[in-house]
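Residue strings, one per chain:
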Amino acid sequence: MDYHQQFHRAAIERGIPEEEVSKFAEFLRFAIWASGRPNDVPVGRSGGLPRLPVGMEWPSSEHGPLPFVASFDCAALPRVDGLALPADGSLLLFLHHEWAHDTYSVADEQKFARIVYVPAGTDTATAEEPDHDEDMFCNMTLDFVGPQYDLFATVNAELPSWFEDDDEASQSDDQEHLARNLAHLKELCALARELWPESNGAAVYLGGYSMGIGELSTDNMYTTPETRMAEDILEAREKAGELVVPPDEWNLRLEEEALRVMREWVPLAQFDPEEVYRARFLIRHDDLAAGRFDKALSFTAFTE
């Protein structure tokens, strides 16, 4: 189903100018929310033991095996724009939340996160739980093998958080400019919510926008993987002598770079086990389309 076309048609029928609808739609994303609430057929499974290709060892780091989070049947997942998932096969998510978070480094965190793609037709078997140090999990929010339950999908419309923020003081100049040029902004937001009523959360979110952590930062942006990546890029370019950013222009340049990163990358999977950690796997659009899941990056943070 073409969700953008559905939105465009509904907005035009309500008399909203096409130029406004098209501009608004550039920021409208659709995400797959996977939860345990029954809805049609299961699209995956949370917890339990994964089905791994025959002969494949359980994904591990130098410190030990990585907890299994969830698996998805790509053929059963809804198709949404901007999320070029494989047509079939399975995606398996592994992540050790505490080890990943304690690295305080995006590069080091990747040792404790893994996405495994199993092509359709591969011989698989339910993996046996690997040996692991129970003491390492005594303070974790999840058991090494979590409760098993089926996941069902709904499609939700998502917008940048500031689109529906009435506090103009928290908006950047570019955001205020865009809002002024969308005379029907509130009506368009309401229409998106009407067509795709927001669900009461999910176990795993595929696609859409990155969830922020904590309060707004001094540069008026929530702490998301995109802002972290943008800051690292700008700092690296300054260190290499490729760029000089005056202090009074830093926030603007950071926002511009974060928006560029946001267009280049998509949240492949996001989840927050027991609302203590928030974990995100991001991947470039071209890597996702090519099935290069080893290029995905993990970002883990406390939600408090």
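From a predicted model like this one, the values you see are computed outputs, not experimental measurements. (Residues numbered from 1 in each chain as written. Predicted model: local features only at pLDDT ≥ 70, side-chain atom pairs only at ≥ 80, totals over all residues. Heavy atoms only, no water.)

Draft legend 1. Structural context of the overall build of the protein chain. In terms of regular secondary structure, the protein chain is built from nine helices and 14 strands. Counting across all 304 residues of the protein chain, residues that qualify as buried make up 49%. Nonlocal contacts in the protein chain, meaning residues at least 24 apart in sequence, comprise 73% of its contacts between residues at least 6 apart. As displayed, the protein chain offers around 15400 Å² of accessible surface, 48% of which is attributable to carbon and sulfur atoms. (Helix = DSSP H or I, 4+ residues; strand = E, 2+ residues; numbered from the N terminus. Buried < 20%, exposed > 50% of the residue type's maximum accessible area, 1.4 Å probe, protein only. Contact = heavy atoms within 4.5 Å. Areas by Shrake-Rupley, 256 points an atom, 1.4 Å probe, with all protein chains shown as cover.)

Draft legend 2. Quick peek at the environment of D287. Looking at the element boundaries, D287 is found in helix α9 (residues 285-289). Separated by 22 residues in the primary sequence, D287 and W265 have C-alpha atoms spaced 9.3 Å apart. Contacts of D287, omitting those with residues within four sequence positions, involve R292 and K295.

Draft legend 3. Representation of the side chain of E257. Inspection of the secondary structure puts E257 in helix α8 (residues 250-264). We classify E257 as buried; its relative accessible area is 10%. Apart from residues no more than four positions distant in its own chain, E257 is found in contact with A230, I233 and L234.

Draft legend 4. Expanded view of the packing of aromatic side chains. By the definition in use, this model includes ten aromatic pairs. Look at W58 and F94: their rings are 5.9 Å apart centre to centre, the planes differ by 75°, and that puts the pair in the edge-to-face class. In this pair, W58 is assigned in the loop between β3 (51-53) and β4 (60-61) and F94 in strand β7 (residues 90-95), connecting sequence segments 36 residues apart. Accessibility expressed as a relative area gives 9% for W58, which makes it buried. An aromatic cluster is present here, built from Y3, F30 and W196 joined pairwise through their rings. Looking at R29, its charged tip hangs above the ring of Y209, at a distance of 4.3 Å from the centre. (Phe/Tyr/Trp six-rings, centres within 6.5 Å; stacked < 30°, edge-to-face > 60°. Lys NZ or Arg CZ within 6 Å of the ring centre and 35° of its normal.)

Draft legend 5. Inspection of the environment of W33 at higher detail. In this fold, W33 is placed in strand β1 (residues 29-35). Separated by 166 residues in sequence, W33 and S199 have C-alpha atoms that sit 8.2 Å apart. When residues no more than four places from it in sequence are discounted, the contact partners of W33 are F152, A153, T154, N156, E158, E198, S199, G201, A202, V204 and Y205.

Draft legend 6. Quick look at the packing of helix α7 (residues 225-239) against α8. Relative to each other, α7 and α8 sit at 120°, their axes nearing to 8 Å. In terms of axis orientation, α7 runs oblique to α8. Judged by the twist between their axes, the crossing of α7 over α8 is right-handed. Within the contact between the two elements, α7 uses E226, T227, M229, A230, E231, I233, L234, E235 and E238 and α8 uses W250, R253, L254, E257, A258, R260, V261 and M262. (Axes fitted to C-alpha atoms, helices over the stretch in contact; angles between N-to-C directions. Parallel < 35°, antiparallel > 145°, perpendicular 65-115°, else oblique. Left-handed = near helix turned anticlockwise from the far one by under 90°.)

Draft legend 7. Region of the structure containing α7. If you check α7, its first and last C-alpha atoms are 21 Å apart, about what 15 residues at 1.5 Å a residue would give, namely 21 Å. Restricting attention to buried positions, one finds in α7 the residues P225, E226, T227, M229, A230 and L234. Where α7 ends, the next residue or the one after it, G241, has phi of about 80°, a positive value. (Expected span 1.5 Å × (residues − 1).)

Draft legend 8. Spotlight on the pairing of strand β10 (residues 149-158). Of all ten residues making up β10, seven are buried, and the element is well covered by its neighbours. Bridge count for β1 against β10 is seven bridges, and the pairing is antiparallel. Paired with W33 across the bridge in β10 is T154. (Pairing = 2+ DSSP bridges.)

Draft legend 9. Representation of empty space enclosed by the protein. Per the counting criterion, the structure on display carries one cavity of 30 Å³ or more. A volume near 30 Å³ is recorded for the largest cavity. Contributions of two or more residues to the lining of the largest cavity are made by β7 and β12 (265-271). Of the residues that constitute the lining of the largest cavity, the class distribution is seven nonpolar, no polar and no charged. (1 Å grid on protein atoms, 1.4 Å probe; cavity = no way out; pocket = protein on both sides within 12 Å on 5 of 7 lines; lining within 4 Å. Points joined across faces, edges and corners; volume = space filled by probe spheres on them. Nonpolar A, V, L, I, M, F, W, Y, C, P; charged D, E, K, R; others polar.)

Draft legend 10. Up close: unusual backbone geometry. The phi angle at D40 is positive, at roughly 65°, despite the residue not being glycine. In this fold, D40 is placed in the loop between β1 and β2 (44-46). Looking at D40, the relative accessible area reads 72%, which means it is exposed.

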